[in-house]
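Survey of secondary and tertiary structure
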Amino acid sequence: MKKYNIGLTFGSFCPLHFGHINLFINAKKICKKLIVCLSDDAYIKKHKGYTPPVKFASRKRHLQSIKEIDQISVQSLKFGKKQAVARFKPDALIVGSDWTPQTFTGANLGIPVVYLKHTDNISSTILRKQMTCEIINKGRI
């Protein structure tokens, strides 16, 4: 696989799970520097349609503990993929293979997109649904 100087990835990482960790580990194998743009709470609310149960500061702190990540920035309503590419000048955007050129909004930014193997049977959506079901089943809602 081709090696890159700077790899850039985006996400809410809410909740953070081992699929994300696999993405970071595999991304770091192909790039010298890995930058993660973490979606802020307002971005998630607007683009994903839910209020994140884990707030931005906590999600950022979780990412800071991952050795494969060299730098963390923010993805916000005012600083999106286009602005991040202009600022960081990555050689590649790195995403999981659960995305496609049709679904990943960064596929048209003029730099290569590397689709790394998605970890089977795990996603933040699945985990959020499971947590909601547990709360409902325990009578907390």
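Notes on the structure in this doc start here. In this text, all values refer to a predicted model and were calculated from it rather than measured experimentally.

A word on unusual backbone geometry
Residue P15 follows C14 across a cis peptide bond; omega there is 0°. Position of P15 among the secondary structure elements: in the loop between β1 (4–11) and α1 (18–30). A positive phi is found at F13, a non-glycine position, where the angle reads about 50°. With respect to the helices and strands, F13 occurs in the loop between β1 and α1. Here F13 falls in the buried class, since its relative accessible area comes to 5%. The backbone phi angle of K89 is positive, close to 50°, even though this residue is not glycine. The residue K89 is located in the loop between α4 (81–88) and β4 (92–96) in this model. Note on K89: relative accessible area 59%, which makes it exposed.

What about the environment of G96?
One can find G96 in strand β4. As a C-alpha pair, G96 and K117 span 21 residues in sequence and 5.9 Å in three-dimensional space. Those residues in contact with G96 that lie beyond four places of it in its chain are L23, Y115 and L116.

Description of the environment of F10
Along the chain, F10 falls in strand β1. For F10, a relative accessible area of 11% corresponds to the buried category. In the structure, F10 is positioned 27 residues away from C37 in sequence and 4.7 Å away in space, judged by C-alpha atoms.

Notes on the packing of aromatic side chains
All told, the structure shown has two aromatic pairs when counted by the stated rule. Measuring from centroid to centroid gives 6.5 Å for F79 and F88, while their planes differ by 85°, and the two rings are edge-to-face. Both residues of the pair, F79 and F88, belong to the buried class. Sitting over the face of the ring of F10, K81 holds its NZ or CZ atom 5.0 Å from the ring centroid.

So, how was this worked out
Residues numbered from 1 in each chain as written. Predicted model: local features only at pLDDT ≥ 70, side-chain atom pairs only at ≥ 80, totals over all residues. Heavy atoms only, no water. Helix = DSSP H or I, 4+ residues; strand = E, 2+ residues; numbered from the N terminus. Buried < 20%, exposed > 50% of the residue type's maximum accessible area, 1.4 Å probe, protein only. Contact = heavy atoms within 4.5 Å. Phe/Tyr/Trp six-rings, centres within 6.5 Å; stacked < 30°, edge-to-face > 60°. Lys NZ or Arg CZ within 6 Å of the ring centre and 35° of its normal.

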